[in-house]
Amino acid sequence: MTQQQIADKLYISRRAYSNYETGVRGIPTEILSQIADIYGTSVDYLIGRTNVKKPYPKK
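Residues numbered from 1 in each chain as written. Predicted model: local features only at pLDDT ≥ 70, side-chain atom pairs only at ≥ 80, totals over all residues. Heavy atoms only, no water.

Along its length, the chain carries four helices and zero strands. If you list the helices and strands of the chain from N to C, you get α-α-α-α. Relative to its 59 residues, the chain shows a buried fraction of 20%. When contacts within the chain are restricted to residue pairs at least 6 apart in sequence, long-range pairs at least 24 apart make up 15% of them. Here the chain has roughly 4600 Å² of accessible surface; of this, 50% comes from carbon and sulfur atoms. If you average the places of the 9 positive and of the 5 negative side-chain charges in the chain, the two averages end up 3 Å apart. (Helix = DSSP H or I, 4+ residues; strand = E, 2+ residues; numbered from the N terminus. Buried < 20%, exposed > 50% of the residue type's maximum accessible area, 1.4 Å probe, protein only. Contact = heavy atoms within 4.5 Å. Areas by Shrake-Rupley, 256 points an atom, 1.4 Å probe, with all protein chains shown as cover. Lys, Arg positive; Asp, Glu negative; His and termini not counted. Charge placed at Lys NZ, Arg CZ, Asp CG, Glu CD.)

Set out below in structure tokens:
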């Protein structure tokens, strides 16, 4: 997906998403959680705490 496609799904600007991606700005927890959902993975995978791509089971 392009930055614009992800930004659209998050209801933010492409510039805001680009700033998260490049580390100019920190990613708010809410946005990070939404990105994990979009990619079907866990927040831990996105931030490098695990190599397991599969998301955690939902309760």
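Moving on, there is more to tell.
Take the pattern of salt bridges next. Counting across every chain of the model gives one salt bridge. For R49, the salt bridge is made with D44, and the minimal N-O distance between the two is 3.9 Å. Look at R49 and you get exposed, because its relative accessible area is 64%. Assessed through its relative accessible area of 22%, D44 is described here as partly exposed. (Salt bridge = Lys/Arg side-chain N within 4 Å of Asp/Glu carboxyl O.)

Moving on, we come to the environment of Y39. Looking at the element boundaries, Y39 is found in helix α3 (residues 29-39). Placed 11 residues apart in sequence, Y39 and T50 show a C-alpha to C-alpha distance of 15 Å.

For the rest of this paragraph, the subject is the environment of S33. Here S33 shows up in helix α3. The spatial distance from the C-alpha of S33 to the C-alpha of D44 is 9.9 Å, given a sequence separation of 11 residues.

Turning our attention to the nonpolar core. A general tendency of soluble globular proteins is for nonpolar side chains to be buried together. Formed by I6, A7, L10, Y17, Y20, I31 and I35, the largest nonpolar core amounts to seven residues. At the level of elements, α1 (3-10), α2 (14-22) and α3 are the ones that each hand at least two residues to this core. Beyond its immediate chain neighbours, meaning those up to four positions away, A7 contacts I12, S13, R14 and Y17. (Core = buried A, V, L, I, M, F, W, Y, C linked by side-chain atoms within 4.5 Å.)

Residue pairs three or four apart in sequence face the same way in an α-helix, which turns once every 3.6 residues. Turning to α2, its buried residues number three or more, namely Y17, S18 and Y20. Down the axis of α2, the buried set is contained in an arc of 160 degrees. They therefore lie on one face. Exposed positions of α2 whose direction lies more than 90 degrees from the buried face are R15 and T22. Each element contacted by the buried residues of α2 is listed here: α1 and α3. Two residues or fewer after α2 comes G23, characterised by a positive phi angle close to 85 degrees. (Arc of directions from axis to C-beta.)

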